[in-house]
Amino acid sequence: MPLLKRAKRLPGLLASFVHIDAAVDAIRGLRAMGHRDLVVYSPSPNHELEEALNHRVSPVRLFTLIGGLIGCAAGFGMTIWMSYDWPVLVGGKPIASIPPYVVIAFELTILLGALSTVAAVALFSVLLGKRGVAYDPRFSDDQIGIFVPAGEDASRVENLLRSAGAVEVRYEAA
Amino acid sequence: MAVVSHPPAVVPEGHPTGTHADVTRDVVATLGPASRGYVLLLLGAVALFLIGILTFLILIKDGLGHAGYNPPIFWSVYITTFVFWVGIGHAGTLISAILFLFRSPWRTAVYRSTEAMTVFAVMTAGLFPIIHIGRQWIFYWLLPYPNQRFLWPNFKSPLIWDVFAISTYLTVSTTFLVFGLLPDIAAVRDKVSGWRRSIYTWTAAGWQGTDNQWRHYSRAYLYLAALATPLVLSVHSVVSWDFASSIVPGWHGTIFAPYFVAGAIYSGIGMVLTLIIPLRRALRIEHMITEYHFDNLAKLTLLTGSILLYAYGMEYFVAWYSGNPFEQGTFFRRAFGPMWWAGWTMIICNAFVSQLLWFRKIRTNITSLFVISIFINIGMWFERYVIIVSSLSNDYVPWAWGQLNPTWADWGILAGSFGWFGMWFLLFAKNFPIVAIQEIKEMIPMPRRRGGHH
């Protein structure tokens, strides 16, 4: 379900699994066959599927860090600059005083850290996500889905999926 | 090939039972047609909200004179209620973020409802400083924006810290709630039809539960929890500094930040209990939110209630030990002055009623917990009332002492805040999954073809 525009459908095979170990076997088998661009659907994150897929760690953490650092710098920068922009000298105390500004910097660190984390997920998961891949509503309920973009080797892939224990395999045309 | 081991003989305590399909079915069923009781509650909330709106319109027209503001007391029921609602929010973030980092399994069943409570409580709290400032149409003067006099806010004032803390808290807790909802909205989308399906399709924002989406989502959820954890501790600390950084007797205490945070969590869990005890029955999710969860919530109440017991004792001890007659006088009057009834309501409802929770029988008895939760709500409102009003009535200038007499305008706005909060919470509970579908499923192992358990 592409968010912004309808993409062309990718041809391939869509398999449904009820059993987690069957899905893991299928993923390992497909990866051994050289299929790296699988799309695996599951109702909740599952560490067995993650291990079988062997993804790199999500780059979201970098966004969290950069957002947090920008927030911290913005907090100190804004308060110190604004203090000197209209200096009010009270009782000989410093015009810009760091301890109270820590509160502002801290809050902005959290704020921008959190917002950039969510923006990163929106970017990687939705906007840059793969388009036009077949989906089935059961994948958000209790089944695991594997979509394999397949061309000539479709029959071999189908055999692998069925022997691994898929409860349904269907061919999705372009 | 995965290592096959034998399944555990029993499901660990508090773990959900049933299959993935059962979870989706039961939670989606809570979104079905509204019962009569629900409609009546919602109408009640809207009626209270309208009372608040009416009172507010009169305040805008005539000014704050209608409220009990009278020298020397210019912080009264509105600020009390502001602190009350901010505090309520804290339990939600504690349960959803801090207990997530601690990997507490019992959090899963209740965290969505508490997180929704957080968002709506902070939304309610945010209205109060604006009501309190009097000229509501220039509330934006609080924000640092370029203006014709080139003036900036005073960042050394705790009141401006509060502006940043509360708005950050509202933004981050809303983000956290909506983010956690995404996969669940997708699960609902795939179960309903017609116009409801179109709405959930839009709100699910393209969520399909692909491996790639989960990979980014799980990481991001961890970081959001890690960011929300220090945030929740900071927010009520900042609120406490609104008081503690002044020199008013009874406010000027170093104990204030931890004392306020513990009180906030205590009051929040009180509100959680008040909300989910009727809710789980109305939505028929008693099998998901069980005695086990209430027992754990009650233990958290006992812990924070005991911290309050200690803090109350310590406040009196330090007042005596300080040798400052004004400090001593303030605390003497809290117990024996004209506000003795409010002072004792606070001490009995918070420090003593919570001690009943040492007994397991009381912790697992839903009716007694509900009654205790009402005491907590009342006690925690009065705690803030006592702290704010009693300290302001008698400060260092005895000829300027005075008493507060709250008026209909104070009660009207207070009632309106409960209506506003209740309205949002009820609407949320009927339109979005109030139990986290996806996280409950994560705790239920998926079936295996070869049998056994991972």
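Residues numbered from 1 in each chain as written. Chains lettered and ligands numbered in written order. Predicted model: local features only at pLDDT ≥ 70, side-chain atom pairs only at ≥ 80, totals over all residues.

(A) Broad picture of the overall build of chain A. Across its full length, chain A holds five helices and four strands. The secondary structure elements of chain A, listed N-terminal to C-terminal, are β-α-β-α-α-α-β-α-β. The C-alpha radius of gyration computed for chain A amounts to 25 Å, which surpasses the reference 16 Å derived for 174 residues by more than 25%, pointing to a less compact arrangement than a globule. By its C-alpha atoms, chain A is 85 × 35 × 30 Å across when sized along the principal axes. (Helix = DSSP H or I, 4+ residues; strand = E, 2+ residues; numbered from the N terminus. Rg over C-alpha atoms; globule rule 2.2 N^0.38 Å.)

(B) Spotlight on the environment of W344 of chain B. The residue W344 of chain B is located in helix α11 (residues 340-352) in this model. For the pair W344 of chain B and R334 of chain B, spaced 10 residues apart in sequence, the C-alpha to C-alpha distance is 8.1 Å.

(C) Broad picture of the interface of chain B and chain A. Between chain B and chain A, the residue contacts involve 53 residues of the former and 57 residues of the latter. Among the elements of the structure, α1 (20-29), α5 (158-189), α7 (211-244) and α15 (437-443) of chain B are those that each provide at least two residues to the side of chain B that touches chain A. The dominant element in the side of chain B that touches chain A, judged by the number of residues it contributes, is α7 of chain B, at 16 residues. A class-by-class count of the residues in the side of chain B that touches chain A yields 25 nonpolar, 18 polar and 10 charged. (Contact = placed C-beta atoms within 7 Å. Nonpolar A, V, L, I, M, F, W, Y, C, P; charged D, E, K, R; others polar.)

(D) View of the environment of L357 of chain B. Residues and elements named next belong to chain B. Among the structural elements, L357 can be located in the loop between α11 and α12 (360-363). Its 22 C-beta neighbours within 10 Å are what place L357 among the buried residues. Taking the C-alpha atoms as reference points, L357 and I95, separated by 262 residues in sequence, lie 19 Å from one another. Aside from chain neighbours lying at most four places away, what touches L357 is A298, T301, L302, I362 and R363. (Buried ≥ 20, exposed ≤ 12 C-beta atoms within 10 Å, placed from the backbone.)

(E) Expanded view of the domain arrangement of chain A. Partitioning chain A into structural domains gives domain 1 (12-37 + 133-172) and domain 2 (60-126). Relative to domain 2 of chain A, the C-alpha centre of domain 1 of chain A lies at a distance of 47 Å. (Domains from an automatic or database assignment.)

(F) Expanded view of the packing of α11 of chain B against helix α13 (residues 366-393) of chain B. All names here are of chain B. For the pair α11 and α13, the least separation of the axes is 8 Å and the interaxial angle reads 135 degrees. Comparing their axes, α13 and α11 come out oblique. The two elements α11 and α13 meet at a crossing, and its hand is left-handed. Each of A342, G343, T345, M346, C349 and N350 in α11 lies in contact with α13, whose residues at this interface are F375, I376, I378, G379, M380, F382, E383, Y385 and V386. A per-class count over the contact of α11 with α13 returns 10 nonpolar, four polar and one charged. (Axes fitted to C-alpha atoms, helices over the stretch in contact; angles between N-to-C directions. Parallel < 35°, antiparallel > 145°, perpendicular 65-115°, else oblique. Left-handed = near helix turned anticlockwise from the far one by under 90°.)

(G) Highlighting helix α1 (residues 20-33) of chain A. Residues and elements named next belong to chain A. Given a rise of 1.5 Å per residue, 14 residues ought to cover 20 Å, and the 20 Å separating the end C-alpha atoms of α1 matches this to within 8%. Listed as buried for α1 are I20, D21, A22, A23, V24, D25, A26, I27 and L30. Count one or two residues on from α1 and you reach G34, which has phi positive near 105 degrees. (Expected span 1.5 Å × (residues − 1).)

(H) Representation of helix α2 (residues 36-62) of chain B in the model. Residue and element names in this part refer to chain B. Counted at 1.5 Å a residue, the expected span for α2 with its 27 residues is 39 Å, and the 39 Å between its end C-alpha atoms agrees. Restricting attention to buried positions, one finds in α2 the residues A45, L48, F49, G52, T55 and L59. Buried residues belonging to α2 abut α14 (408-431). Among the residues trailing α2, G63 stands out with phi positive, at a value near 105 degrees.

(I) Seen up close, the confidence of the model for chain B. Residues and elements named next belong to chain B. For chain B, per-residue confidence averages 91 on the pLDDT scale, and residues scoring 70 or more make up 96% of the total. Across chain B, α14 holds the top mean pLDDT of 96, while α1 sits lowest at 89. Contacts of residues 1-9 to residues separated by more than four positions or lying in other chains number 13 contacts, the stretch itself having pLDDT below 50. Across the interface, the model reports ipTM at 0.92; the global pTM reads 0.92. (pLDDT = per-residue confidence, 0-100.)

(J) Representation of unusual backbone geometry in the model. The peptide bond linking P71 of chain B to P72 of chain B adopts the cis configuration, its omega dihedral lying at 0 degrees. The residue P72 of chain B is located in the loop between α2 and α3 (77-101) in this model.

(K) Up close: the sheet that holds strand β2 (residues 39-41) of chain A. Residues and elements named next belong to chain A. Strand order across the open sheet formed by four strands is β2-β3-β1-β4, with antiparallel pairing between neighbours. Each of the sheet's edge strands pairs with one partner strand only, and the pair in question is β2 and β4 (168-172). Between one strand axis and the next, the sheet turns by 15 degrees as a mean value, whatever way the strands run. Where strand β1 (residues 12-17) lies against strand β3 (residues 144-148), five bridges are found, and the strand directions are antiparallel. Residue pairing across strands places F17 opposite I144, the latter belonging to β3. Along the sheet, α1 makes contact with β1, β2 and β3, crossing β3 at roughly 15 degrees. (Pairing = 2+ DSSP bridges.)

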